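These are the residues of each chain, in order.
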Amino acid sequence: MATPLLEVRGLSKGFPGVRALDAVDLTVQAGEIHALMGENGAGKSTLIKVLTGVFPRDAGETRLDGQIIAPKSPREAEALGMSTVYQEVNLIPHLSVAENICLGRQPLWLGTIRWGAIAKRARAALARLDLSLDVNRQLSSYSIAIQQMVAIARALDISAKLLILDEPTSSLDKTEVEELFKKLRKLREGGLGIIFITHFLEQVYEISDLITVLRNGRRVGCFATKELPRIKLVSHMIGKDVREVEALEQKRASTATIRSDLPMLEAKGLGRKGSIHPLDLEIRPGEVLGLAGLLGSGRTETARLLFGVDPPDQGTLLFNRRAVRFHSPRSAIRYRIALTPEDRKVAGIVPSLTVRENIVLALQASRGIWRRLSVPEQEKLADRFIQSLDIKTPTREQIVRNLSGGNQQKVLLARWLATEPRLFILDEPTRGIDVGAKAEVEKLIQSLRQEGLAVLFISSELEEIVRQSQRVVVLRDRRKVGELTEAEISEEAIMQSIATSDMERPGA
Ligand SMILES: Nc1ncnc2c1ncn2[C@@H]1O[C@H](COP(=O)(O)OP(=O)(O)OP(=O)(O)O)[C@@H](O)[C@H]1O
Ligand SMILES: [Mg+2]
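These figures come from a predicted structure and were not determined experimentally.

Within the protein chain, the secondary structure is distributed over 18 helices and 22 strands. Taken over the C-alpha trace, the protein chain has a radius of gyration of 23 Å; the compact-globule value for 508 residues is 23 Å, and the two agree within 12%. If you line up the protein chain on its principal axes, its C-alpha atoms span 70 × 55 × 50 Å. Counting the 508 residues in the protein chain, one finds 46% classified as buried.

Moving on, we get to unusual backbone geometry. Phi at Glu428 takes a positive value of approximately 50°, unusual for a residue other than glycine. Its location among the elements puts Glu428 in the loop between strand 19 (423–427) and helix 16 (435–450). You will see that Glu486, though not glycine, has its phi angle at about 25°, which is positive. Inspection of the secondary structure assignment puts Glu486 in the loop between strand 22 (479–485) and helix 18 (491–499). Judged by the 11 C-beta atoms lying within 10 Å of it, Glu486 falls in the exposed class.

Let us look at the sheet that holds strand 5 (residues 67–69). Read across the open sheet, the 4 strands follow the order 2-1-4-5; overall the sheet is antiparallel. Of all strands in the sheet, those bounded by a partner on one side alone are strand 2 (18–28) and strand 5. Taken pair by pair, the neighbouring strands of this sheet meet at an average axis angle of 30°, ignoring direction. Sheet analysis places strand 1 (residues 6–15) next to strand 4 (residues 59–64), joined by 5 bridges and oriented antiparallel. Bridging from a neighbouring strand, Ser12 pairs with Ala59 of strand 4.

Attention now goes to the environment of Leu131. Relative to the helices and strands, Leu131 is located in the loop between helix 4 (115–127) and helix 5 (144–157). Owing to 17 C-beta atoms within 10 Å, Leu131 belongs among the partly exposed residues under this scheme. Sequence separation between Leu131 and Asp157 is 26 residues; the distance between their C-alpha atoms is 14 Å. For Leu131, the residues in contact, after removing those within four places along its chain, are Leu126 and Met149.

Here the focus is the domain arrangement of the protein chain. Along its sequence, the protein chain is carved into domain 1 (6–247), domain 2 (264–336 + 421–508) and domain 3 (352–419). Of note, the centres of domain 2 and domain 3, computed from C-alpha atoms alone, are 26 Å apart. Across the boundary between the two partners, domain 2 contributes 12 residues, which contact 10 residues of domain 3. When its residues are assigned to classes, the side of domain 2 that touches domain 3 shows 7 nonpolar, 1 polar and 4 charged.

In this section: the site of ligand 1. Ligand 1 sits among 20 residues. The nearest are Phe15, Ser45, Asn402, Ser404 and Gly406. If you list the elements that add at least two residues to the shell around ligand 1, you get strand 2, helix 1 (44–51) and helix 15 (405–417). For the shell around ligand 1, a count of residues per class yields 5 nonpolar, 12 polar and 3 charged. Viewed by domain, the shell around ligand 1 spans two of them, domain 1 (6–247) and domain 3 (352–419), each represented by three or more residues.

So, on to the sheet that holds strand 15 (residues 288–292). Taken together, 6 strands build an open sheet; the order of strands is 18-19-20-15-21-22 and the sheet is mixed. At either end of the open sheet lies a strand with only one pairing partner, and these are strand 18 (337–340) and strand 22. Sheet twist, expressed as the mean angle between neighbouring strand axes with direction ignored, is 15°. In the sheet, strand 15 pairs with strand 20 (residues 454–458) via 4 bridges, with the strands oriented parallel. When the sheet's bridge partners are listed, Leu291 is paired in strand 20 with Ile458.

Reading the values: the criteria
- Residues numbered from 1 in each chain as written.
- Chains lettered and ligands numbered in written order.
- Predicted model: local features only at pLDDT ≥ 70, side-chain atom pairs only at ≥ 80, totals over all residues.
- Helix = DSSP H or I, 4+ residues; strand = E, 2+ residues; numbered from the N terminus.
- Rg over C-alpha atoms; globule rule 2.2 N^0.38 Å.
- Buried ≥ 20, exposed ≤ 12 C-beta atoms within 10 Å, placed from the backbone.
- Pairing = 2+ DSSP bridges.
- Axes fitted to C-alpha atoms, helices over the stretch in contact; angles between N-to-C directions.
- Contact = placed C-beta atoms within 7 Å.
- Domains from an automatic or database assignment.
- Nonpolar A, V, L, I, M, F, W, Y, C, P; charged D, E, K, R; others polar.
- Near = placed C-beta within 6 Å.

Written out as structure tokens, the structure reads:
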């Protein structure tokens, strides 16, 4: 057999109180897409980071093309031919798209940066992903999904032997994932080795050749994708036998009776210029309203409108049949409305605070500084959610930055659950969360719903929307194009509603 492109032997890495990697082996051949799977906190990102010199290793050996390598920084790894998109998009929001793509590799001419060349190179990198953006615009002016594409374009900009993608698809929609996969297949044909990390099982089955499963920092095994049934994969990941996994998967949302026909929140012709066209929307207590649509269709904008992040400039909003105006999230929070934003890094987690501090943050803020939660109260609250959401952390006093990506997401969810909201707006709440935890979160949402909570649920995964929602509003091009209830809700119906053109739609 040919020399493997990448050969990792006995890689170990510990953090205080955590054995993140325990003698892990991994072999990747050129021209292969190798998926790395495991629960939140299994050690996937740590493996990538140790491999690419973000963290030093405790033990182990890495060979690239048969040569022993030990890069001490991502830059060095890049120079060796390993190009990486890390789970946390490490771009610089206030720089332009072009600068971000060429960051640290700017073409110089007699010591000065050649802006024209940078823009050209950036456009070429984006074109390979079939994206045409204004590369001179500030990165932060684009959506998270576009930013994610820019990160991938950046990784593709250098001629690498090994491309590593740590959850690159978490905020991409179906069509974009398809585009990316097309590109990856082409790269695979060209002999590139690709390591692909994701929590979307269907994506793994669509794109990967081999799957290495990690659990609690250990390698469970390496399997040919074609020969590994989905249920077996999940059972390897969570360390339970197949029968238990089946039971877990069967816990589907029950369609218990909706408690009230009167809407809790009602939007009438609510809109905002340049953001979302005026739309009508109702959310009832005890109901999950799904918000479906492709990327850029206005889902997040709608959430921000309802929560007072971007106040509406037309239409009315009623809360329990009283007209209200939310000029800021603060005023929405006063009505016990909560929102978990899609981008946990910018709008959510405070990385330097502990798990406990992050969990109590919103509740404390809503109580005001005069009614501080005592430390024992805070501890009780934190422990309750660490347990109920199964947050993997050595202690409640761990700094959140040190948690795995999915576990940070759970902390964010806990923070808002702690405020006991009446209306919960969830923007991609299960992004980056593993299958087991996803089922837990779904269960939690459904049980809160049965207690009368109203939920606005945004997800790119239609399957999840269909499973969770009693009603679905479909958006396209920043306007509402359809609404489905109970029995009408199916993936096909939503897709159809998205695809129907304005001409065919009555009244448009
Ligand atoms: N800098 C750090 N300091 C302390 N502990 C860390 C640090 N980075 C990771 N860990 C711990 O190492 C373990 C593995 O984390 P890692 O980020 O590799 O998980 P993951 O498999 O990528 O999970 P996810 O699917 O949630 O992204 C976790 O228990 C995490 O809390
Ligand atoms: Mg990770």
